[in-house]
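# What the coordinates show
Given next are the chains, with one letter for each unit.
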Amino acid sequence: MRKILWLLSGLLFCASQLQAQSRTITGKVTDESGNPIPNVSITLKNTSFGSTSKQDGTYSLTIPDNARTLVMSSVGMITQEFTIGSGSTLDAVLKSQTGNLSEVVVVAYGTQKKKELTGVVATVKAPDIESKPFSSVDKILQGQVAGLQSIAGSGQPGANQTILIRGMSSITASNAPLWVIDGVIINTGDVSRLATTANLLSTLNPNDIESISVLKDAAAGSLYGSRASNGVIIVTTKKGRAGKTRFRFDTEIGQNDVAYVNDKYKPLNAEQYFQITEEGLVNSGRTPAQVASTMAGLGFNNGNDFNWYDAIIQKGKQQQYNISAEGGNDKTTFYISGGYFMQEGSTINSKLDRTSASARISHKATDKLTLSFNINGGFVNQRAPLAGGSFGNPVLAGYFLLPSWSAYNADGTYNLTASRLGNLHNVVALTEMDKRFLKEIGMRSNAFAEYKILENLKFKTSVSGDFNVLEEDQYNNPLHGDGAPTAGRSFSYYTRHFNWLWTNTLDYQQKLSKTKDVTLNVQVGYESQKSNGYQNSVQSQLFPTNLSMTMPAIGASPITASATLADYSFLSQFSTANINYEDKYVLSGSFRRDGSSRFGANNKFGNFWSIGASWNADKEAFIEDLNIFSQLKLRTSYGVNGNAGIGNYDWYKLYGYGFNYNQTPGSAPSNVGDSNLTWELNKPFNVGIDVGVLQNRIQLTVDYYVRKTEDLLLDVPLSLTSGFSRATRNVGSMENKGVEITIHAVPVKLKDFEWGVDFNYATNKNKITSLPGGNDIITGSFILRQGSSIQSFYLREYAGVDAANGDPLWYTDATHETTTNNYSAALRSIVGTSLPKYFGSLTNTFRYKGFTLDAQLYYNFGNYIQDQWGGYYMGAGFGGTYNKAARIFDRWTKAGDNTDVPKYIYGGNKNFNSGSTFYLNKGDFIRLRNIQLGYTVPTRIASMAKLGSAFVYVRGTNLFTWVKDDNLSFDPEQGSNSQSNLNVFIPKTITVGLSLGF
C-alpha cells in the first residue's frame, strides 16, 4: 500500500511539472487592413505542433514553455515568423504577397524570389482559379494575364481553347504555349479523331491548382529551349501544410443559356418565310402556277410552324462538387482531393462530366533528403454534336430547317422523311437515335528525390509521366441521317498517348564576397523525354434496325481496321545562372541544347539561350530618400528560343501503304521530306518597369516587347505535277511587337471596407516580314503577304445596293470610286485581320465586413469576324429551300430604297451569297466575364454546425455582352481565325455556391 501511495505521488508530481512546462497561446491573425484571415497554418517552428485560425482569425495553440517562434502561412500571404513572448496572447498581422519582392514565384525548373527576376512572369493564384464554371483551366485564364488571349471557338463543354501569348509567331507550326504541370511537360490540345472538339486539359480539375505562372519573355522561358517560343504556362497543384488535418468541401450548381443573341439573325417563322419566299419567286420571273407549286412543295399551308431554333437550344444544367483534406507534421505532409464536374451545353446533344482525384505526399526523410510523390487525374465522358455544314449539326438545323417541317409526325412519332425535312436531318430525333461519345482518361504524376549535398548544393532527380487515353464511339442509325445511305454505320476509335520525362538538376548557391553582398545561383540539368502514341480505328456498315445494337462488331460489312504509331523524343542539357548584388542589380543567363526526333538528320540539335538584367532602383539610397516608391524596378531581356510544334515525321521522305489496286497491296510516296529541316527560331526582346507607391497600394507594370521569328516552318505550295501539294520548309520570317500594362490599386482601404481595382491592357501588331520569293499565299478567305498580318482577310469589298434595281455592288479598285454588279470583276483586297489590336480586362473588388463583390469586364477591339454561312440565310434568295434570318426583311423592294441587303430573288441575286465584306463584321466587344457576390458566415454561426469556415455566393459568367457591330450574327468569340462555324453557342451561366472548411 505504501508503494502505491509513493507511485501516485510521483505521478502527480510529474504531471504538475509537465503542466508547468506547457502553456496555451491565443490570438488573432489579420491582414494589413485589420481583416481576419481564416485557415492560416500556425505551427511551432521545427516541430509538429500546429493549429489553424478560425473564420474570425482567432486561434489557440498549446505549446511547450520554452517555445520561442511561431510560423504562420496562408495562401496569398507571405510566410512569417513571430517571436513568442512571456504572455499568453500573440496577435499577428500577415502581409500580402501581391507586389512584394520577397514573394517566391514558380519559374522554369524551380522557384525564385520576385526581387531576383529579370524576366516577365505573371502569376495567377488559387482563389482566382477555384470553383469557376469552366470545364478546363485554359478557359479560366481569360482576362487574368496581360498579353494572354484565351479564345473560345465553341461553347461545347470540354472544347479545345486557343491560347496565344504575345500574338502568333508561326504560320504552319503550333502557336500554342508549352504547358508544364508539376514538372511534367505535357501533351495538350485536341487529339480526338471523331469528336467535333476535345481538350486534354479537361481531365485536370482546376480546384486542385495552387498557382499558375505564365512565362512570357526570353529570360523567363528560354530555359525550355526549343518549345518556348510561344510562352510557357507552369501549373503547380496543391500540397499539404503541416498542422492538424483540415477538410474543405465546395459545391456549385446552376444553369447555362446562350450568352449572345442578335434578334436580327433569329430564324423566320412559317408566315415570314413564305412571305419572303413568295416575293423571291415572283422576282425570279416564275409564273403564278410555278410560284404556287414551289410553295406547296415547301410545305405552305400545311399547318406546321415548328421553331427549330427553340428545339435545338437548351438551358443546360451545371454542377460541381469538390472535397479535399490536407495536413501533416514537420516531417510529412499530405494533400488528397476528389471532385465531380458536370456541364450541359447550350444546345442539345452537348454535355460533359468529369470525375477527378489527386494526391500528394511529401516526406523529409532526413535533414538532407526529401521525397515527394503526386498524382492527379480525371475521367471525362463527353458528348458533342457535329459542327459546320454537317446535316446532323443542331445549330445548322436551327437556322436552315423550314418551320413548315416539324420534328414530329401528327401521331407524335419522329418525322424521318427526308422530303419533308428539305433533305436535311431531324436532329431532334438523332439526339436519341445516334450516338457520339468520347471517353477520356488523363493522368499526370511526378516523383522526385532531393538531396542536400552541402548547405549550398543540392541535387534533384524527378521522374514524371503524362498518360492520356481516348475512346471514341460513334453510331449512325440505318433509318435516318448520316447512316441511312449505308444502312447504318459504326466507328470505334482508340487513341493512347504516354509521355514520360526524366529530369536531373544540380543547384548551387555561393556568396562571392567577404561582405556576402554578391550571390551567385547556378543550375545545371539533364532531361530526356519520350512520347508514344498509338491509334486503333474500326468501322463497319450494314446494321439491323434494332437501334440498341450499336458497336462495329454488329455491322455486316467491315470497312476499316487499322492501327498506327506516332512517337517523338527530346534530349536536353541546360544551365542557368544569376548574379545578385545587394538585391539591387541582378544579371541572369540561360543556355539549353535540345535534340529532337522531329527534325532532319542534319539538324537534330539546336542551341537556345537568354540574357537578362534587372535593377531594383528602390534599393538605392537616393530613391529611398524620396519616400515615394515602395517598388521601382527596371528589367530587360533578350534571347533565342524555338518552336518544335510540327508533325512527328515531317522531315522524313516517306512511303505509305494503302494505295491498293485490284485487291493487291500497294505503296506510294506519302511525304516529300527534308533532311535539312530545322528549328523555327524566335528572338524575343523585352524591356519593362515595375512601380509601386503608397506601400504598394498602387502598382504599375509596363512591358514593351519585340518578337522576331526566323526560319519559319512553312508549308510551301508545290506543283501538283510532283504528286504533292505542299512541303514543309524553313522559309520566311515574322515579327510581333506590343505593349502590356498591368495596374493594381486599392483606392479605399478602411477597417470594414476595401475597394480594389485590377486592370490589364495589351496590344500586339503582327507582320510577316518575308515569304518565299516575296509571293502571296492565298488560303480561302485569308492571304499571307509580306508587310501584312498573318491573319489578314482577303475579300471582295461590298459597296452596297444599287438603289435603282436592287443589285448587289462591289468595288473594282482600291480607290472605291467605281463599282460593279459582276462578282467576278470585283477586286479582292486586305480588309482587316482576325487578330485584335488590343484586349484586356478591368476587375473591381469590394469588401464590406463579411460581404465581397467581384466584377470583371473583358474587352477586345480591332479584329473582324467572318460569318462563313451567312450566304445561306442572308444571301438574297440563295438556298431558297433553307430558312432565312430576320434581317432579310431589310432587303431592297423598290427603286430608291436605301439598304445594304439586295433584292430578294429565289435562287440568289448575282452571287451575293459569295464571300465579301458584307459577311465581315467588326469583332469589338465588352463582356461581363464574371460577377460574384459572396458572404462569409460569422464564426459564431458556423461553429454551431461544427464548421471552421463557411462562404456562400452567387455568380454570373458572361451575363452581358456588348458588341460594336449591330450586324454581328454570332458570338464575338469565334477562335483565333474569327470565322463562325455554327458551333455550340458560348454559354452564360448563373450559379450558386458554398464553401465549407472543417
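Residues numbered from 1 in each chain as written. Predicted model: local features only at pLDDT ≥ 70, side-chain atom pairs only at ≥ 80, totals over all residues. Heavy atoms only, no water.

## Topic: the overall build of the chain
- Check the secondary structure of the chain and you find eleven helices and 53 strands.
- Its C-alpha atoms give the chain principal-axis dimensions of about 120 × 65 × 65 Å.
- Relative to its 998 residues, the chain shows a buried fraction of 53%.
- In the chain, 69% of the contacts between residues at least 6 apart in sequence involve partners at least 24 apart. (Helix = DSSP H or I, 4+ residues; strand = E, 2+ residues; numbered from the N terminus. Buried < 20%, exposed > 50% of the residue type's maximum accessible area, 1.4 Å probe, protein only. Contact = heavy atoms within 4.5 Å.)

## Quick look at the side chain of S406
- Examined against the element boundaries, S406 turns out to sit in the loop between α7 (394-400) and α8 (427-433).
- A polar contact of 3.0 Å, which involves the side chain of S406, links it to the backbone nitrogen of Y408.
- With residues near it in sequence (within four places) discarded, S406 still touches N304, F306, W308, N415 and L421. (Polar contact = N/O pair within 3.5 Å; in protein donor to acceptor, adjacent residues only side chain to side chain.)

## Looking at the pairing of strand β21 (residues 369-383)
- Where strand β20 (residues 351-364) lies against β21, 14 bridges are found, and the strand directions are antiparallel. Residue pairing for β21: D353 is matched across the bridge by N381.
- The loop that links β20 with its antiparallel partner β21 comprises four residues.
- For β21 and strand β22 (residues 435-454), the ladder comprises 14 bridges, and the chain directions are antiparallel. Counterpart to Q382 in the pairing with β22 is L438. (Pairing = 2+ DSSP bridges.)

## Description of the nonpolar core
- The biggest cluster of nonpolar side chains holds 50 residues, and the ones touching the most others in it are Y399, F400, Y873, M874 and F985.
- Going through the elements one at a time, α4 (270-283), α5 (288-297), α6 (308-312), α7, α8, β41 (798-801) and α10 (870-874) are the ones with two or more residues in this core.
- Per element, the largest residue contribution to this core is five residues, and it comes from α7.
- Setting aside chain neighbours within four positions, we find Y399 in contact with Y265, P267, Y309, Y873, N883, F970 and F985.
- Counting 22 residues, the second-largest nonpolar core is a separate cluster that includes A122, I129, L148 and I163. (Core = buried A, V, L, I, M, F, W, Y, C linked by side-chain atoms within 4.5 Å.)

## What about the domain arrangement of the chain?
- By domain assignment, the chain separates into domain 1 (21-93), domain 2 (104-239) and domain 3 (270-304).
- Put simply, the middle of domain 1 and the middle of domain 2, counted by C-alpha atoms, are 35 Å apart. (Domains from an automatic or database assignment.)

## Structural notes on the sheet that holds strand β3 (residues 50-52)
- If you trace the four strands from one edge of the open sheet to the other, you get β3-β2-β5-β6, paired in antiparallel fashion. Each edge of the open sheet is held by one strand with a lone partner, namely β3 and β6 (80-83). With direction set aside, neighbouring strand axes in the sheet form an average angle of 25 degrees.
- The sheet contact formed by strand β2 (residues 41-44) and strand β5 (residues 69-73) spans four bridges and is antiparallel. When the sheet's bridge partners are listed, S41 is paired in β5 with S73. (Axes fitted to C-alpha atoms, helices over the stretch in contact; angles between N-to-C directions.)

## Structural notes on the pattern of salt bridges
- Under the counting rule described, the total for this entry stands at 34 salt bridges.
- Across the pair E326 and R246 runs a salt bridge, and its minimum N-O distance is 3.7 Å. Here E326 is found in strand β18 (residues 317-328), whereas its partner R246 is found in strand β17 (residues 243-258), with 80 residues between them in sequence.
- Residue R246 is classed as buried on the basis of its relative accessible area, which comes to 8%. (Salt bridge = Lys/Arg side-chain N within 4 Å of Asp/Glu carboxyl O.)

## Considerations on the sheet that holds strand β16 (residues 232-237)
- As summarised here, the arrangement of the five strands in space is β10-β15-β16-β13-β14, forming an open sheet in which the pairing is mixed. This sheet does not close on itself; its edge strands, each paired only once, are β10 (121-125) and β14 (184-185).
- Of the strand pairs in this sheet, strand β13 (residues 178-181) and β14 are connected by two bridges, and their pairing is antiparallel. Counted as the bridge partner of I181 is V184 from β14.

## Quick word on the UniProt feature "domain: TonB-dependent receptor plug" (unreviewed entry) in the chain
- Mapped onto the present numbering, the UniProt feature "domain: TonB-dependent receptor plug" (unreviewed entry) falls at residues 114-232.
- Its end C-alpha atoms 18 Å apart, residues 114-232 is made of 7% helix and 24% strand. (UniProt positions renumbered as here; feature names shortened; annotations may be inferred.)

## Details of the environment of S169
- Here S169 shows up in the loop between β12 (161-165) and β13.
- According to the relative accessible area criterion, S169 is buried, its value standing at 1%.
- Sequence separation between S169 and V107 is 62 residues; the distance between their C-alpha atoms is 23 Å.
- In contact with S169, other than residues within four places in its own chain, are N175, S229, N230, E680, R707, T709, L712, M734 and N736.
- Within the structure, S169 has its side chain in polar contact with the side chain of R707 (distance 3.1 Å).

## Examining the packing of α4 against α5
- Relative to each other, α4 and α5 sit at 145 degrees, their axes nearing to 10 Å. Between α4 and α5 lies a crossing whose hand is right-handed. Together, F274, T277, E278, L281 and V282 of α4 and V291, T294 and M295 of α5 make up the contact between the two elements.
- For the contact of α4 with α5, the residue count by class is five nonpolar, two polar and one charged. (Left-handed = near helix turned anticlockwise from the far one by under 90°. Nonpolar A, V, L, I, M, F, W, Y, C, P; charged D, E, K, R; others polar.)

## Considering the pairing of β16
- For β16, a buried count of five out of six residues is recorded, marking the element as mostly surrounded by other parts of the structure.
- As paired elements, β13 and β16 share four bridges and run parallel to each other. Of the residues in β16, the one forming a bridge with L178 is V232.
- In terms of strand pairing, strand β15 (residues 209-215) meets β16 through six bridges, oriented antiparallel. Bridging across to β16, I212 finds its partner in V235.

## Examining the environment of E440
- Assignment of secondary structure puts E440 in strand β22.
- For E440, a relative accessible area of 0% corresponds to the buried category.
- Between the C-alpha atoms of E440 and K113, which are 327 residues apart in sequence, the distance is 38 Å.

## So, α4
- Taking 1.5 Å of rise per residue, 14 residues should cover 20 Å, and α4 covers 20 Å from first to last C-alpha, within 8% of that figure.
- Considered for burial, the residues of α4 that qualify are A270, Y273, F274, I276, T277, E279, G280 and L281.
- The backbone nitrogen of E271 has a side-chain oxygen 3.2 Å away, supplied by the residue at the start of α4, namely N269.
- Positive backbone phi, at 95 degrees, marks G285, one or two positions downstream of α4. (Expected span 1.5 Å × (residues − 1).)

## Description of the environment of S337
- Mapped onto the secondary structure, S337 falls in strand β19 (residues 332-344).
- Distance in space between the C-alpha atoms of S337 and I768 is 47 Å, their sequence separation being 431 residues.
- Ignoring any residue separated from it by four or fewer positions in sequence, one finds S337 in contact with D208, I323, S324, S356, A357 and S358.
- Among the polar contacts listed, one links the side chain of S337 to the side chain of D208, at a separation of 2.6 Å.
- A polar atom in the side chain of S337 sits 2.6 Å from the side chain of S358.

## Notes on the side chain of T833
- Mapping T833 onto the fold places it in strand β44 (residues 828-833).
- Of note is the side chain of T833, whose polar atom sits 3.2 Å from the side chain of S789.
- A polar atom in the side chain of T833 sits 3.1 Å from the backbone oxygen of Q791.

## What to know about the packing of aromatic side chains
- According to the stated counting rule, one finds 49 aromatic pairs in the structure shown.
- Aromatic pair Y872 and Y882: ring centres 5.9 Å apart, planes at 50 degrees, arrangement tilted. One end of the pair, Y872, is in helix α10; the other, Y882, is in the loop between α10 and β48 (920-922), with ten residues separating them in the sequence.
- The class of Y882 is buried, set by a relative accessible area of 18%.
- Clustering of aromatic rings is evident, with ring pairs tying together Y265, Y309, Y399, F400, W869, Y872, Y873, F878, Y882, F970 and F985. (Phe/Tyr/Trp six-rings, centres within 6.5 Å; stacked < 30°, edge-to-face > 60°.)

## Side note on unusual backbone geometry
- A positive phi angle, near 60 degrees, is found at N301, a position not held by glycine.
- Among the secondary structure elements, N301 is positioned in the loop between α5 and α6.
- Using a relative accessible area of 69% as the deciding quantity, one classes N301 as exposed.
- Of note, the phi angle at S978 is positive, near 55 degrees, even though the residue is not glycine.
- Tracing the chain through its elements places S978 in the loop between β51 (961-963) and β52 (979-980).

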